[in-house]
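One-letter residues, chain by chain:
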Amino acid sequence: MKKFGVGIIGCGAIFGVHAFPLHTIENVEVKAVCDIKPVAREAAARLFNCDAYEDYHDLLKRDDIDVIHVMTPHYLHAPMVIDAANAGKHVLSEKPMSITIEDAKAEIDAGRKNNVTIGVISQNRYNSASVAIKEAIDSGSLGKVVGQRILLAWFKPNEYYQNSDWHGTWDKEGGSLIIDQSIHILDLARWFVNDEIVSVQATIDNRNHPVIETEDTAEGLIKYRNGVQSVFYATNNYTYNSPVMVEIHCEKGTALMEFDRAVITYRDGKELNVLNNPNDVLNEAEYQAFFNQSSSQTAFQTLSKWGVIGAPVTMPITWKTPRPYWGITHIKQIKNFYESLTAGVQPDITAAEAFKTQEMICAIYESAKKHKPILLNQTKE
Ligand SMILES: NC(=O)c1ccc[n+]([C@@H]2O[C@H](COP(=O)([O-])OP(=O)(O)OC[C@H]3O[C@@H](n4cnc5c(N)ncnc54)[C@H](O)[C@@H]3O)[C@@H](O)[C@H]2O)c1
């Protein structure tokens with residue numbers, strides 16, 4: 001079996017969530033890491049006993065690296081993905097693909113031109129609750145989808161932004177609530193409908209975060225070619241990270257995904273309940289052993305922050321609560337990516353697939369800024 005040499009660009013908060021899967025996949029070896037912050041790259045390099053670079057271009061020059069993971073601030077995704085593809089590397093990028101639609105297209109073009117695979121993280125598609133709903137809809141047992149309602153009410157204190165050198169900025173994060181937090185539930189909702197979006201009408205506002213220039217509240221209406229109407233409301237102004245929710249209204253019943261569970265209710269009275277089981281995804285003891293055996297405090301703190309191990313170091317308790325059940329399925333997507341590379345097939349979530357959600361995200365911002373609906377995919381009528 002081919003062994004893939006891996007390079008990681010960006011060793012910040014999300015690093016540990018990629019590091020553990022990479023450590024567990026048999027035909028993967030992390031050869032080098034890169035971060036502009038010496039503390040971050042040195043801690044990450046110690047974890048894998050590998051080389052560390054300050055400039056990612058140097059990492060891309062290595063012949064023994066086949067795959068690059070991009071885990072940097074949003075505005076750097078497109079240039080790094082494109083440079084990696086041009087260097088002949090496969091890429092797995094954190095969400096979002098990019099800040100602009102033009103950059104997202106350029107990533108797809110770079111992948112095709114260089115005949116490399118580009119994957120984009122959207123790990124919540126692998127949660128048991130998400131899979132159960134997708135299967136129920138695709139099987140046809142619920143009949144046609146007719147509508148959706150989506151709710152995200154989370155908590156982000158001003159300190160979350162003040163402690164970051166890129167969150168809360170248009171040029172580096174590309175927005176906030178929609179492109180960073182809501183993207184997960186909006187991607188799931190779009191994946192459930194699985195049709196082309198024809199129009200997006202939305203508003204955004206900043207109601208309670210004076211320290212940032214981007215949005216903390218948004219609402220909108222998304223219309224699909226098959227007639228589905230999707231309504232959403234999202235805010236980072238709630239008092240804790242409450243369970244994220246999407247309900248899919250179908251001809252023969254409803255599918256409700258709330259945080260860690262799916263409830264599929266048929267009109268004939270039948271009901272199916274599915275619960276995400278974190279133990280199916282991660283072995284907490286193995287996680288702890290991996291990070292404890294290293295001197296990587298950065299990675300250890302990352303996982304604590306995510307609520308994956310132990311108590312959070314500095315985070316309020318409300319930040320920790322949802323994490324053990326929602327958003328820890330990276331391990332499944334990363335395995336799918338490497339299994340696909342090994343088999344010579346496309347992974348589940350390619351750049352072309354992620355583009356459909358990126359288009360929706362960019363249209364939400366465009367609609368809000370221009371105060372009018374944005375029409376998509378109109379030429380294919
Ligand atoms: N899928 C998820 O659920 C999830 C959760 C959290 C974060 N993320 C995504 O992961 C990405 C990173 O987020 P984070 O929370 O780890 O951010 P972070 O700020 O903690 O880490 C980013 C790292 O990138 C490094 N960096 C910045 N510029 C660089 C450059 N030119 N070269 C090399 N390194 C550079 C920074 O020094 C920092 O260590 C974002 O795209 C974010 O949206 C995804």
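Preceding this paragraph is the structure being described.
Residues numbered from 1 in each chain as written. Predicted model: local features only at pLDDT ≥ 70, side-chain atom pairs only at ≥ 80, totals over all residues. Heavy atoms only, no water.

### A word on the sheet that holds strand β5 (residues 90–93)
Strand order in the open sheet made by the six strands is β3-β2-β1-β4-β5-β6, with parallel pairing throughout. This sheet does not close on itself; its edge strands, each paired only once, are β3 (51–53) and β6 (118–120). Across the sheet, the axes of successive neighbouring strands diverge by a mean angle of 25 degrees, strand direction being ignored. Here four bridges tie strand β1 (residues 4–9) to strand β4 (residues 67–70), and the two strands are oriented parallel to one another. Note that in β4 the partner of Ile-9 across the bridge is Val-70. Where helix α2 (residues 38–48) meets the sheet, its contacts fall on β1, β2 (28–34) and β3, and the angle it forms with β2 comes to roughly 160 degrees. (Pairing = 2+ DSSP bridges. Helix = DSSP H or I, 4+ residues; strand = E, 2+ residues; numbered from the N terminus. Axes fitted to C-alpha atoms, helices over the stretch in contact; angles between N-to-C directions. Contact = heavy atoms within 4.5 Å.)

### As for unusual backbone geometry
Between Lys-95 and Pro-96 the backbone carries a cis peptide bond, its omega angle lying at -15 degrees. Note on placement: Pro-96 falls in the loop between β5 and α5 (101–114). In this model, His-371 sits at a positive phi of 55 degrees, which is unusual for a non-glycine residue. Position of His-371 relative to the elements: it lies in the loop between α14 (351–370) and β15 (374–375).

### A few points about empty space enclosed by the protein
Inspection of every chain in the model, using the stated rule, returns four cavities of 30 Å³ or more. Of the pockets and cavities examined, the largest cavity occupies roughly 110 Å³. What lines the largest cavity is a set of 13 residues, and nearest its centre among them are Lys-95, Ile-121, Ser-122, Ile-183 and Thr-357. Of all elements in the fold, only α8 (177–193) and α14 reach the threshold of two or more residues within the lining of the largest cavity. (1 Å grid on protein atoms, 1.4 Å probe; cavity = no way out; pocket = protein on both sides within 12 Å on 5 of 7 lines; lining within 4 Å. Points joined across faces, edges and corners; volume = space filled by probe spheres on them.)

### Quick look at the packing of helix α1 (residues 15–24) against helix α13 (residues 330–343)
The contact between α1 and α13 brings their axes to 9 Å, and the two run at 50 degrees. As far as their axial angle goes, α13 and α1 are oblique. Between α1 and α13 lies a crossing of right-handed hand. From α1, Val-17, His-18, Phe-20, Pro-21, Leu-22 and Thr-24 reach across to α13, where they touch His-330, Ile-331, Ile-334, Lys-335 and Tyr-338. Per-class residue counts for the contact of α1 with α13 are seven nonpolar, three polar and one charged. (Parallel < 35°, antiparallel > 145°, perpendicular 65-115°, else oblique. Left-handed = near helix turned anticlockwise from the far one by under 90°. Nonpolar A, V, L, I, M, F, W, Y, C, P; charged D, E, K, R; others polar.)

### A closer look at the sheet that holds strand β8 (residues 197–205)
The strand order β14-β13-β12-β11-β7-β10-β9-β8-β15 describes an open sheet built from nine strands, whose pairing is mixed. Either end of the sheet is taken by a strand with one partner, and the two such strands are β14 (271–275) and β15. By the bridge criterion, five bridges tie strand β13 (residues 261–266) to β14 in an arrangement that is antiparallel. In the sheet register, Val-263 faces β14, and the bridge partner there is Asn-273. Packed onto the sheet, helix α6 (residues 128–139) meets β7 (145–153), β11 (245–250), β12 (253–258), β13 and β14 and runs at close to 25 degrees relative to β13.

### As for the site of the ligand
Lining the immediate surroundings of the ligand are 26 residues, of which Ala-13, Asp-35, His-74, Gln-123 and Trp-166 lie closest. Between the ligand and Glu-94, the relevant distance is 3.1 Å, taken from a nitrogen atom to a side-chain nitrogen or oxygen of the residue. Out of a free accessible area of 850 Å², the ligand has 87% covered by protein chains. For the shell around the ligand, the elements supplying multiple residues, two or more each, are α4 (77–86) and α8. Per-class residue counts for the shell around the ligand are 13 nonpolar, eight polar and five charged. Both domains that meet at the shell around the ligand, namely domain 1 (4–123 + 321–350) and domain 2 (124–276 + 360–380), each give it at least three residues. (Near = heavy atom within 4 Å. Polar contact = N/O pair within 3.5 Å; in protein donor to acceptor, adjacent residues only side chain to side chain. Areas by Shrake-Rupley, 256 points an atom, 1.4 Å probe, with all protein chains shown as cover. Domains from an automatic or database assignment.)

### A few points about the environment of Glu-29
As for its position among the elements, Glu-29 is in strand β2. Classification of Glu-29 as partly exposed rests on a relative accessible area of 36%. Taking the C-alpha atoms as reference points, Glu-29 and Val-6, 23 residues apart in sequence, are found 5.9 Å from one another. Not counting the four nearest positions on each side in its chain, Glu-29 is found in contact with Lys-3, Phe-4, Gly-5 and Val-6. (Buried < 20%, exposed > 50% of the residue type's maximum accessible area, 1.4 Å probe, protein only.)

Remember, this is a structural readout, not a statement about activity or role.
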